[in-house]
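Listed below, chain by chain, are the residues.
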Amino acid sequence: MTNQIEIKGLSKTFNKGKVKALKNVDLSIKKGEIFALLGPNGAGKTTTMRILATLSKPDAGEVLIEGKNVFDDCSRIRRRIGFLTNEIRYDGRLTPNELADFYGRLYEMTDDELANNKAKLFDSFGITEFADRRYGKLSTGMKQKTSIAMSLINDPDIIIFDEPTNGLDVLTIQTVEQFIIDSSRKNGKTVVLSTHILDVAERLCDRTGIIIDGISVFCGSMQDFLNAEGKDNLREAFLEAYKRNHTEK
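Residues numbered from 1 in each chain as written. Predicted model: local features only at pLDDT ≥ 70, side-chain atom pairs only at ≥ 80, totals over all residues. Heavy atoms only, no water.

### A few points about helix 6 (residues 170-185)
No. 1: A rise of 1.5 Å per residue sets the reference length of helix 6, with its 16 residues, at 22 Å; its end C-alpha atoms lie 22 Å apart and thus fit the reference within 8%.
No. 2: By the burial criterion, the buried members of helix 6 are Thr172, Ile173, Val176, Glu177, Phe179, Ile180, Ser183 and Ser184. Seen along its axis, helix 6 keeps its buried residues to an arc of 155°; they face one direction. Turned more than 90 degrees away from the buried face of helix 6, the exposed residues are Val170, Leu171 and Gln174.
No. 3: Along its buried surface, helix 6 packs onto strand 3 (34-38), helix 4 (111-124), helix 5 (140-151), strand 7 (158-162), strand 8 (190-194) and helix 7 (198-204).
No. 4: The N-cap residue of helix 6 is aspartate 169: its side-chain oxygen and the backbone nitrogen of leucine 171 are 3.0 Å apart. (Helix = DSSP H or I, 4+ residues; strand = E, 2+ residues; numbered from the N terminus. Expected span 1.5 Å × (residues − 1). Buried < 20%, exposed > 50% of the residue type's maximum accessible area, 1.4 Å probe, protein only. Arc of directions from axis to C-beta. Contact = heavy atoms within 4.5 Å. Polar contact = N/O pair within 3.5 Å; in protein donor to acceptor, adjacent residues only side chain to side chain.)

Structure, rendered in C-alpha cells:
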C-alpha cells in the first residue's frame, strides 16, 4: 500500500504559545489501512485528528493527502473525510432522521444518495427503530451510534474515529469493530482510529503512530513496534515507550 496521508513537522500551540500540543509530529498513513493513533490523555491525538480533518490549522508543518496540502482546498477534503469526535454536540430536539438530512444537505448529497446511505447506516447500527426519536431522549449508546452514522453519512473514503466505542455495550462494540474492518478490507477505505482500549488497536489495526507529550515517537507496523520495545503485547510495549519518552512536568 502507498502512503495516502503524510503528516510532516506538525506543530500546534494553544494559550498564546504557552501550551505546546504538538511538537514536530511526523506520521504516514497508507491507503486502505486501519491506523491506530495512540498516546496518553493530553498527548495531542485529538489535535492531530482535528488538523487532519481541516478543523484546526497548525502553527507549522503540513498535512498532505495524496500529495496535496489539505488546507489548499478544505471544502474538497471535507467531502472525503468522516470525522467522529466527542467534541460534537447535537441538538437534542432533532431526531436521527433530521440530523442525517441536515448533514446530507451540507454535503450537497442527492436525495437518492442520502436515502441509500441513511438506510445502510441506520440498519448497520440498529438506529432504524429510533430514527424518529429525539436525540436528547436516546440512550448513551444510541447517541454514540447516531454520532458514528452522522460522521459517515457522506460515505467518506477517509474515516477518522476518535474513541468510537465510548458508551457502547460489548455487542455494539463488536458491530462497530466489524464495520471498521469491512470499511478497510472490503471497501478500501482508510481508517484512522484513536482509542484508549489497546487490545482493540492491537486486534484491528495494521500500523500505529505513537504520540507522547506532543512528540511522535514511533510510526510503523504493530509488529515492528512490539519488536522495537522487546514486548509481545501492545500494552506492555506502549508502557515501555511511555516510560522512556515521557518527561515529568
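### So, the nonpolar core
No. 1: Core analysis: the biggest nonpolar cluster contains 47 residues, and Leu38, Phe125, Met150, Leu152, Phe161, Ile180 and Cys205 have the highest contact counts within it.
No. 2: Non-local contacts of leucine 152, meaning those with residues more than four positions away in its chain, are made with Leu121, Phe125, Ile159, Phe161 and Phe179.
No. 3: Core analysis: the next-biggest nonpolar cluster, separate from the first, contains 26 residues, Ile5, Ala43, Phe71 and Cys74 among them. (Core = buried A, V, L, I, M, F, W, Y, C linked by side-chain atoms within 4.5 Å.)

### Considering the sheet that holds strand 5 (residues 68-69)
No. 1: Judged by pairing direction, the sheet is antiparallel, and its four strands sit side by side in the order 2-1-4-5 without closing on themselves. Of all the strands in the sheet, just strand 2 (19-30) and strand 5 have a single pairing partner and so form its edges.
No. 2: Taken together, the eight bridges between strand 1 (residues 3-14) and strand 2 define a ladder with antiparallel strand orientation. Opposite phenylalanine 14, over in strand 2, you have valine 19 as the bridge partner.
No. 3: Its contacts with the sheet put helix 1 (residues 45-52) on strand 1, strand 2 and strand 4 (60-65), and the angle it makes with strand 1 is roughly 120°. (Pairing = 2+ DSSP bridges. Axes fitted to C-alpha atoms, helices over the stretch in contact; angles between N-to-C directions.)

### Some points on the layout of surface pockets
No. 1: Counted as a void, the largest pocket has a volume near 420 Å³.
No. 2: Around the largest pocket, the lining is made up of 15 residues, and of these Leu55, Arg78, Ile81, Tyr103 and Tyr107 lie nearest the centre.
No. 3: Counting residues per element, the ones that place at least two in the lining of the largest pocket are helix 2 (74-80), strand 6 (81-84), helix 3 (96-106) and helix 5.
No. 4: Considering only residue class, the lining of the largest pocket consists of ten nonpolar, three polar and two charged. (1 Å grid on protein atoms, 1.4 Å probe; cavity = no way out; pocket = protein on both sides within 12 Å on 5 of 7 lines; lining within 4 Å. Points joined across faces, edges and corners; volume = space filled by probe spheres on them. Nonpolar A, V, L, I, M, F, W, Y, C, P; charged D, E, K, R; others polar.)

In short, shape yes, function no, at least from these values alone.
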